[in-house]
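The primary structure of each chain is shown beneath.
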Amino acid sequence: MSIDLHSHSSHSDGELSPSDLIELALKNKATMLSITDHDTVSAYEGLGKRSGLQVIPGVEFSSIWGNVNVHVVGLGIDPFDQDLLSACADQSVRRLKRAQIIAWRLFSSRVVPSVELAMEGVLEIAGRRAIGRPHFAEYLVQIGACADTGSAFHSYLAAGKAGDVKDQWPDMDEVIAWIRQAGGTPVLAHPAKYKMTRSKLIRMITDFKKFGGESIEVCSGYQTNETTRSISQLSERFDLSASCGSDFHSIDRPWSQLGKVPDLPKNCRPVWEKWV
Ligand code: AMP
Ligand code: MN
Ligand code: MN
Ligand code: MN
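Here the structure is a predicted model, which means the values were calculated and not measured. (Residues numbered from 1 in each chain as written. Chains lettered and ligands numbered in written order. Predicted model: local features only at pLDDT ≥ 70, side-chain atom pairs only at ≥ 80, totals over all residues. Heavy atoms only, no water.)

A.B. asks: Even after reading the chapter, I still don't get the overall build of the chain, so can you show me in this structure?
C.D. replies: Each helix and strand counted, the chain has 8 helices and 8 strands in total. For 276 residues, the compact-globule estimate of 2.2 N^0.38 gives 19 Å, and the chain sits close to it at 18 Å. Structurally, the chain occupies a C-alpha span of about 55 × 45 × 35 Å along its principal axes. Counting contacts in the chain only where the partners sit at least 6 residues apart, residues at least 24 apart contribute 68% of the total. Within the structure as shown, the chain displays about 12,700 Å² of accessible surface, and the carbon and sulfur contribution to it stands at 51%. The chain carries 30 positive and 33 negative side-chain charges, and their two centres are separated by 5 Å. (Helix = DSSP H or I, 4+ residues; strand = E, 2+ residues; numbered from the N terminus. Rg over C-alpha atoms; globule rule 2.2 N^0.38 Å. Contact = heavy atoms within 4.5 Å. Areas by Shrake-Rupley, 256 points an atom, 1.4 Å probe, with all protein chains shown as cover. Lys, Arg positive; Asp, Glu negative; His and termini not counted. Charge placed at Lys NZ, Arg CZ, Asp CG, Glu CD.)

A.B. asks: Just checking my understanding: could you explain the sheet that holds strand 1 (residues 3-4) for this structure?
C.D. replies: Where strands meet in a sheet, backbone hydrogen bonds hold them as pairs that are either parallel or antiparallel. Pairing in this open sheet of 3 strands is parallel, and the strands run 1-2-3 from one edge to the other. The strands lining the two open edges of the sheet, one partner per strand, are strand 1 and strand 3 (54-55). (Pairing = 2+ DSSP bridges.)

A.B. asks: Sorry if this is basic, but what is going on with the coordination of the manganese ion (ligand 3) here?
C.D. replies: Around a metal, the idealised angle for a tetrahedral arrangement of four donor atoms is 109.5 degrees; for an octahedral arrangement of six donor atoms it is 90 or 180 degrees. At the metal site, the manganese ion (ligand 3) is ligated by Glu60 (OE), His71 (ND1) and His190 (NE2), and these contacts range over 2.1 to 2.2 Å. Here the donor residues for the manganese ion (ligand 3) map to a single chain with the spacing E-x10-H-x118-H. Separating the manganese ion (ligand 3) and the manganese ion (ligand 2) is a distance of 5.7 Å. Taken together, the positions of Glu60 in strand 4 (residues 58-65) and His190 in the loop between strand 6 (185-188) and helix 7 (198-210) put the pair 130 residues apart, joining distant regions of the chain. (Donors = N, O, S within 2.8 Å, 3.2 Å for Na, K, Ca; no water.)

A.B. asks: Sorry if this is basic, but what is going on with the coordination of the manganese ion (ligand 2) here?
C.D. replies: Protein coordination of the manganese ion (ligand 2) is provided by Asp13 (OD), His38 (NE2) and His249 (NE2), with donor distances spanning 2.1 to 2.2 Å. On the accessibility criterion, Asp13 (17% relative accessible area) is buried. (Buried < 20%, exposed > 50% of the residue type's maximum accessible area, 1.4 Å probe, protein only.)

A.B. asks: Whenever I open this one, the packing of helix 7 against helix 8 (residues 225-237) confuses me. Can you help?
C.D. replies: Packed helices, taken two at a time, are described by their axes: the angle between them and the distance between them. Running from N to C, helix 7 and helix 8 cross one another at 35 degrees; their axes reach a closest spacing of 12 Å. Read as a crossing pair, helix 7 and helix 8 show a hand that is right-handed. On helix 8, the residues that touch Arg198, Leu201, Ile202 and Ile205 of helix 7 are Ser230, Gln233, Leu234 and Arg237. Class assignment of the residues belonging to the contact of helix 7 with helix 8 gives a composition of 4 nonpolar, 2 polar and 2 charged. (Axes fitted to C-alpha atoms, helices over the stretch in contact; angles between N-to-C directions. Left-handed = near helix turned anticlockwise from the far one by under 90°. Nonpolar A, V, L, I, M, F, W, Y, C, P; charged D, E, K, R; others polar.)

A.B. asks: I keep staring at the sheet that holds strand 5 (residues 68-75) and nothing clicks. Help me out?
C.D. replies: With mixed pairing, the 5 strands of this open sheet are ordered in space as 4-5-6-7-8. Edge positions in the open sheet fall to strand 4 and strand 8 (241-245), since each of these has one partner strand only. Pairwise comparison of adjacent strand axes, ignoring direction, gives a mean angle of 40 degrees for this sheet. Alignment of strand 4 against strand 5, held across 8 bridges, turns out to be antiparallel. In the sheet register, Ser63 faces strand 5, and the bridge partner there is Val70. Contacts from helix 7 reach strand 4, strand 5, strand 6 and strand 7 (215-220), with the element oriented near 175 degrees to strand 6.

A.B. asks: When you look at the packing of aromatic side chains in this model, what are you seeing that I'm missing?
C.D. replies: Ring pairs (aromatic) are described by centroid distance and by the angle formed between their planes. In the structure shown here, the tally under the stated rule is 1 aromatic pair. Ring centres of Phe61 and Trp178 lie 5.1 Å apart, and the angle between their planes is 70 degrees; this geometry places the pair in the edge-to-face category. You can see Phe61 sitting in strand 4 and its partner Trp178 sitting in helix 6 (residues 172-181), a full 117 residues away along the chain. For the pair shown, Phe61 and Trp178 are each scored as buried. (Phe/Tyr/Trp six-rings, centres within 6.5 Å; stacked < 30°, edge-to-face > 60°.)

Here it is, written out as structure tokens:
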């Protein structure tokens, strides 16, 4: 049995269309899948069903806690809920404003030739997708400012770099409320990725729980067994159910392949219990 509750399609920064994602999930023998695009649920518009695979509608919201850009996955949402759709529309406006600030910051750092040209190039790359830093990374490669997208993040887009703009995002409690009102379960995404000290992480999880968070990603993409064990202990301590997801974006990232997620440790209460 393989369950993958965190993945990206071409509606945000993933490579595959939603229907190709479903085919790949079947090929990789997944039985349950959630497509959790960044701040959009448009992948679910007109998405057909396939036997053998249970699709749990999801989303990954960008939010802010203190000065940290925290991602909250919403699982089991109604992707046609009007309030949720209007929240996604707000996020899309925020993404566009943020892209302009990123372009301006990269121009100030003399990385791009002009704000206008950078916006034109990035908008062309993003097309109708949820515009974000990965599209800037592609643009920087395209204009020859960086050798590859990894080094574009490393030099200009990762946390603390010129293009790391996060003050546009709503507070964590707000995105948790969006998910809950749309009938979904709020899941704290990839806790190890924030590179926080354990005491800061505990403060964040305390707030997440207080704001109505219900679950935490115990298994996410590639992480050490030690990390998984440590997060599973937090899930027990805070009585949060456990989720698992590859955070799949594309097939050229061997450490994050669709449906290839380790089993949850035995002490965990799986988030998907209510859907089987
Ligand atoms: P954004 O939604 O604009 O904040 O961009 C966040 C996305 O950028 C993440 O979901 C990843 O897909 C990607 N990303 C973040 N950090 C890196 C990195 N160091 N290298 C490559 N991609 C990254
Ligand atoms: Mn992404
Ligand atoms: Mn994320
Ligand atoms: Mn993700």
